[in-house]
Amino acid sequence: GAGVSQSPSNKVTEKGKDVELRCDPISGHTALYWYRQRLGQGLEFLIYFQGNSAPDKSGLPSDRFSAERTGESVSTLTIQRTQQEDSAVYLCASSLYRGNYGYTFGSGTRLTVV
Amino acid sequence: QKEVEQNSGPLSVPEGAIASLNCTYSDRGSQSFFWYRQYSGKSPELIMSIYSNGDKEDGRFTAQLNKASQYVSLLIRDSQPSDSATYLCAVNSNSGYALNFGKGTSLLVTP
């Protein structure tokens, strides 16, 4: 597509529920990243996918977080048993290769856990 | 831990002035450097990239890189109120795969 597409744009969920966030990268971009941005804070790296290589999961804050991506297509970020501290904007970005040329970000999913 | 440090601001400059935003980084292996602009409630937007020492100009924006001092800066000439945003410095190294972002500097351009 023309840009990075994320859905839903907003999600309100009850504490303890599972949520799934979706990212559709720019066509041809082999690298895909998930970041989290809490209110008034910087970008926190979560996970990186590069083609069919094993993902870099070093930023995932707990085992409640997981992400998948098939090849160079759509990625889903799943948060199980959501907690209030999970409330944040979840940003997806894609790039041609390993971010060496910079990222293009999607518009984000604003997650609110009540 | 690879750190990217920025002054949080806010940095306030009058319309028409030069805004100077600074960033330092800790990883000497860093190779690629980026500036992103983030308006309130929006996602970051790439505005400049720089890969070698010196200056790189694009319109009203100039990025400056000094790898020996581990320092990168962004100058905005003829600042406009529409430049009011948070500016994020991001750094990539060959030893890692994801950009490390600073917390951003808030810029306010007053009419």
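Whatever comes next refers back to the structure up there.
This is a predicted model, so every value here is computed, not measured. (Residues numbered from 1 in each chain as written. Chains lettered and ligands numbered in written order. Predicted model: local features only at pLDDT ≥ 70, side-chain atom pairs only at ≥ 80, totals over all residues. Heavy atoms only, no water.)

Draft legend 1. Spotlight on the pattern of salt bridges. Residue and element names in this part refer to chain B. For the coordinates displayed, the defined rule picks out 5 salt bridges over all chains. With its nearest N and O atoms 3.0 Å apart, the salt bridge here joins Arg37 to Glu45. Arg37 gets classed as buried once you look at its relative accessible area, which sits at 14%. Taking the shortest distance from any N to any O, the salt bridge between Arg60 and Asp83 comes out at 2.9 Å. Separated by 23 residues along the polypeptide, Arg60 in the loop between β6 (54–58) and β7 (61–66) and Asp83 in the loop between β8 (71–76) and β9 (85–93) bring together distant segments of the chain. We classify Arg60 as partly exposed; its relative accessible area is 27%. With a relative accessible area of 1%, Asp83 lands in the buried category. (Salt bridge = Lys/Arg side-chain N within 4 Å of Asp/Glu carboxyl O. Buried < 20%, exposed > 50% of the residue type's maximum accessible area, 1.4 Å probe, protein only. Helix = DSSP H or I, 4+ residues; strand = E, 2+ residues; numbered from the N terminus.)

Draft legend 2. Representation of the state of the cysteines. What the rule picks out here adds up to 2 disulfides over all chains. Put simply, Cys23(A) and Cys92(A) are joined by a disulfide, and their sulfur atoms are 1.9 Å apart. Taking the sign of the S-S torsion, about -65° here, the bridge from Cys23(A) to Cys92(A) comes out left-handed. Of this pair, Cys23(A) sits in strand β3 (residues 19–24) while Cys92(A) sits in strand β8 (residues 88–95); the two residues are 69 residues apart in sequence, bridging distant segments of the chain. The buried category is assigned to Cys23(A), whose relative accessible area is 0%. With relative accessibility at 0%, the residue Cys92(A) sits in the buried group. Disulfide pairing is shown between Cys23(B) and Cys89(B); the S-S distance is 2.1 Å. (Disulfide = S-S within 2.5 Å.)

Draft legend 3. View of the sheet that holds strand β3 (residues 19–25) of chain B. All names here are of chain B. The 5 strands are arranged β1-β3-β8-β7-β6 in an open sheet whose pairing can be described as antiparallel. Here the strands that pair on one side only, and so sit at the sheet edges, are β1 (4–5) and β6. Looking at chain direction, β3 and β8 are connected through 6 bridges and run antiparallel. Pairing of Ala19 across the sheet is with Ile76, part of β8. (Pairing = 2+ DSSP bridges.)

Draft legend 4. The arrangement of the packing of aromatic side chains in detail. Throughout the structure, instances matching the rule amount to 13 aromatic pairs over all chains. Geometrically, the ring pair formed by Tyr36(B) and Phe101(B) is tilted, given 5.5 Å between the ring centres and 55° between the ring planes. Taken together, the positions of Tyr36(B) in strand β4 (residues 30–38) and Phe101(B) in strand β10 (residues 100–101) put the pair 65 residues apart, joining distant regions of the chain. The residues Tyr36(B) and Phe101(B) share a single accessibility class, namely buried. Every member of this aromatic cluster is reached through a ring pair, and the members are Tyr33(A), Tyr35(A), Phe45(A), Tyr48(A), Tyr103(A), Phe105(A), Tyr36(B) and Phe101(B). Here the guanidinium or amino end of Arg60(B) rests over the ring plane of Phe61(B), the centre of that ring lying 5.6 Å away. (Phe/Tyr/Trp six-rings, centres within 6.5 Å; stacked < 30°, edge-to-face > 60°. Lys NZ or Arg CZ within 6 Å of the ring centre and 35° of its normal.)

Draft legend 5. Spatial organisation of the nonpolar core. Of all hydrophobic cores here, the largest spans 23 residues; its most connected members are Trp35(B), Val72(B), Leu74(B), Ile76(B) and Tyr87(B). Of all elements in the fold, only β3, β4, β5 (45–50), β7, β8, β9 and β11 (105–110) of chain B reach the threshold of two or more residues within this core. Those residues within four positions of Leu74(B) in sequence are excluded, and the remaining contacts are Ala19(B), Ser20(B), Leu21(B), Trp35(B), Ile47(B), Met48(B), Phe61(B), Thr62(B), Ala63(B) and Tyr87(B). If you look at the next biggest cluster of nonpolar residues, it comprises 20 residues, including Val4(A), Leu21(A), Leu60(A) and Val113(A). (Core = buried A, V, L, I, M, F, W, Y, C linked by side-chain atoms within 4.5 Å. Contact = heavy atoms within 4.5 Å.)

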